[in-house]
2 protein chains.
Amino acid sequence: MAISNIRYGEGVTKEIGMDLQNLGARRVCLMTDKNLSQLPPVKAVLNSLAKCGINFQMYDSVRVEPTDQSFLDAITFAQKGEFDAYVAVGGGSVIDTCKAANLYASSPTSAFLDYVNSPIGKGKPVSVPLKPLIAVPTTAGTGSETTGVAIFDFKELKVKTGIASRAIKPTLGIIDPLHTLSMPERIVANSGFDVLCHALESYTALPYNMRSPCPSNPISRPAYQGSNPISDVWALHALRIVAKYLKRAIRNPEDREARANMHLASAFAGIGFGNAGVHLCHGMSYPISGLVKTYKPKDYNVDHSLVPHGLSVVLTSPAVFAFTAQINPERHLEAAEILGADIRTARIKDAGFILADTLRKFLFDLNVDDGLAAIGYSKADIPALVKGTLPQERVTKLSPRPQTEEDLSALFEASMKLY
Amino acid sequence: MAISNIRYGEGVTKEIGMDLQNLGARRVCLMTDKNLSQLPPVKAVLNSLAKCGINFQMYDSVRVEPTDQSFLDAITFAQKGEFDAYVAVGGGSVIDTCKAANLYASSPTSAFLDYVNSPIGKGKPVSVPLKPLIAVPTTAGTGSETTGVAIFDFKELKVKTGIASRAIKPTLGIIDPLHTLSMPERIVANSGFDVLCHALESYTALPYNMRSPCPSNPISRPAYQGSNPISDVWALHALRIVAKYLKRAIRNPEDREARANMHLASAFAGIGFGNAGVHLCHGMSYPISGLVKTYKPKDYNVDHSLVPHGLSVVLTSPAVFAFTAQINPERHLEAAEILGADIRTARIKDAGFILADTLRKFLFDLNVDDGLAAIGYSKADIPALVKGTLPQERVTKLSPRPQTEEDLSALFEASMKLY
């Protein structure tokens, strides 16, 4: 159980210059994206760096939903800069890109595929020391500030994959809810759905003592350990916050209580899934994002088509939990109750349907696109979506219920239309 | 919010040799106490060290309820040994002693008082790098495997104090519930009371945003930050486990489910109070232990009189929470409900009395000594007990309700007899 240090509070971003001084940093790499570079979170960081006289270079070319190419561009910047500390200000795309930049700049002789998850890459363990990385999340979703995972879109294979190692976990996450006030509605919604699925998937993931293989040497164990008594605490707590605050946070940008709570829930769920792992919603989301056709979501100011990560994850969630519930129906029913279902007269064998219905209602209330069809997919795409899911065994094998290609096919089909 | 890494599972102690290899350790210091050195937890560690060919020296002279003298003895051993890693197998006494040994061996030019909490010591921040320390707790109480605190009895002043710094937090805590099967009944009870008070005190501690002074530089902040949304999660979760399992764990040594859950609760409460802090029960406990007369508790195989830490903490708890409840009665009532009180018709202004009654009943059911009088104190001792509490401001100032010397005096008096 590896947990990042986090600091929480309105305005705590102003301390980042002192943190860097305390770390002895002399050349800092500040990463963000083009939109954020003009917004208050980056300004707050710049002010603090200036106040403390911190020498830094800014890289603001992070791509939203990064690719191998965009990772490599950031890595080149990091290698040239010879930095001794990193600061990432943004959502998961920025924080993940910064983790990769820190990793490969610290390991200059490694080929890019060395650390990429197998079977796509070689999945080598990280044994080089990295530089400190302070993450300042500006969305309430990814939890990347607490995890050792960095996800990107591997263009050549048209599939999302990533790097997973405790070594790339940020040194400190600064959870400053003021930053969430800059988020447009759909970004709040989609990043919130990521929190929802992190909580649901890590709570229902294969238990830690049923996972295999179970390497005898602790250093060889994966970052994702299966559900366990500690990740369960984080997952359930995050789920309760999502149930109470996500709708409020989406509907009213001025609802500071709701946005602050979702910002914390994101970190809580991150600590949960960062240790337990996620399973089918995430495993199936990578081809949904990777194979995007022309979908351009509202509120995302980007020049390329994309399916936001949280949306790609949540659209299959009703089908996934209807499928997995037969293994641990009690937990599925408990999750449904937390999300508002009346389970007083529920039968345990209906747990999957009840959770699926609860999720559908939740998504309908929040104006979420009506399934994969609404974001451009048809039945003809299912074989490609299944093919893109198969290499995601790092997560799919954490599903409590094993799945065949036919099962995956049926799950994609059931997710074409939700309402 | 600084959180230790922990590993949980029956039998995970056998991996410690590999952990030390992975850390590159070549000369390991193994600390424990005389009783434990013959018991299964130490044997499990020795087996693993032998299997991995780890070179180590054993120090088994840790004193139960350590003193400045016993700390210094362990420090001398550590300084001579030039170790590159430490393993502590035991309860809080062993883990705390090992933290101090690691600290002063890593900082050989420091005087002992340099790092001791002010106003007794100088409370200097730790800036030297320490060696890795793996803690293997054998009681379910201290949570020391997750905290940056080491407590000892300062003989000259007849008062308990300690060292508090994130720098001394163990690198890894190995929570192996098999070890709790070696615990005699009263050790289960008293260490469980420590968990109970960690949870109650950290949940009711002054909130983090009301604490003062609040140093502007993060490095100057104390380990104990006040109650906060993250420590609250751990405190409540630990309290629920205590309510469900402590009595079972005490009464039946074979109840592995109960003992395993209490072992985890100890770490959970440790993560909570290690960040939030404790307040009056702990502040008042230090003179209760430090001024001990002739009390020798059942089940403790020691050659000196002592008041076990958990007992010294819990005996004042009814009086303390009756006193503090007026500041945040909702939380006090919530705690009472978790501990089994029926609060359906309770009035909020009675929260303190209800929690106090619930605690008294809980202690009575567990055959706990009937107050301070039963462990050898009388009214004549109250001035000395108050005097011994005054220097504990590191914790007493985290009480939600400020207290005068008269208040402390009344709290000790109310704790003379419980039933």
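Quick notes on the rules
Residues numbered from 1 in each chain as written. Chains lettered and ligands numbered in written order. Predicted model: local features only at pLDDT ≥ 70, side-chain atom pairs only at ≥ 80, totals over all residues. Heavy atoms only, no water. Contact = heavy atoms within 4.5 Å. Buried area = accessible area lost by both parts, 1.4 Å probe. Salt bridge = Lys/Arg side-chain N within 4 Å of Asp/Glu carboxyl O. Polar contact = N/O pair within 3.5 Å; in protein donor to acceptor, adjacent residues only side chain to side chain. Helix = DSSP H or I, 4+ residues; strand = E, 2+ residues; numbered from the N terminus. Nonpolar A, V, L, I, M, F, W, Y, C, P; charged D, E, K, R; others polar. Domains from an automatic or database assignment. Least-squares fit on C-alpha atoms with pLDDT ≥ 70 in both. Buried < 20%, exposed > 50% of the residue type's maximum accessible area, 1.4 Å probe, protein only.

> Sorry, what's going on with the interface of chain B and chain A here?
Frequently, the measure chosen for interface size is the accessible area removed from exposure when the parts meet. Contact with chain B, which involves 24 residues of that partner, is made by 24 residues of chain A. Each partner contributes to the roughly 2,300 Å² buried at the junction of chain B and chain A, and carbon and sulfur atoms together form 63% of this total. Linking chain B to chain A there are zero salt bridges. The tally of links from chain B across to chain A stands at two residue pairs in polar contact (both at pLDDT 80 or more). Breaking the side of chain B that touches chain A down by element, the ones donating at least two residues are β1 (5-8), α1 (16-22), α6 (229-251) and α7 (256-276) of chain B. If you tally residues by element for the side of chain B that touches chain A, the top one is α6 of chain B, at five residues. Its residues placed into classes, the side of chain B that touches chain A shows 15 nonpolar, five polar and four charged.

> Would you mind showing me how to read the domain arrangement of chain A here?
All names here are of chain A. If you check the domain split of chain A, you get domain 1 (5-179) and domain 2 (184-414). Taking both sides of the interface into account, the surface hidden between domain 1 and domain 2 amounts to around 2,800 Å²; carbon and sulfur atoms contribute 60%. Looking at the side of domain 1 facing domain 2, the largest losses of area belong to Ala-140, Lys-160 and Arg-166, adding up to 19% of the total buried there. Counting across the domain 1 and domain 2 interface gives one salt bridge. For Arg-256, the salt bridge is made with Glu-10, and the minimal N-O distance between the two is 3.1 Å. Going through the elements one at a time, β1 (5-8), β6 (149-154) and β7 (159-164) are the ones with two or more residues in the side of domain 1 that touches domain 2.

> Could you clarify how one ought to interpret the relation of the copies chain B and chain A in this entry?
The two chain copies are related to each other by a rotation about an axis together with a translation along it. At an RMSD of 0.0 Å, chain B and chain A line up after a rotation of 180 degrees and a shift of 0.1 Å along the axis. The two molecules are tied by a two-fold rotation axis, judged by turn and shift. Looking at the interface residues of chain B, 100% of them are also at the interface in chain A, so both copies use one shared face.

> Would you mind going over unusual backbone geometry with me for this structure?
Most peptide bonds take the trans form, and the phi angle of most residues other than glycine is negative. A cis geometry characterises the amide bond from Ser-118 of chain A onward to Pro-119 of chain A, with omega recorded as 10 degrees. Within the fold, Pro-119 of chain A resides in the loop between α4 (92-106) and β5 (133-137). Positive phi, normally seen in glycine, also occurs at Asp-299 of chain A, with a value near 75 degrees. Along the polypeptide, Asp-299 of chain A turns up in the loop between α8 (280-290) and α9 (309-314). Here the phi dihedral of Glu-82 of chain B falls at roughly 45 degrees; this positive angle occurs in a residue that is not glycine. Tracing the sequence through the fold places Glu-82 of chain B in the loop between α3 (68-81) and β4 (85-90). Overall, the relative accessible area of 64% leaves Glu-82 of chain B in the exposed class.

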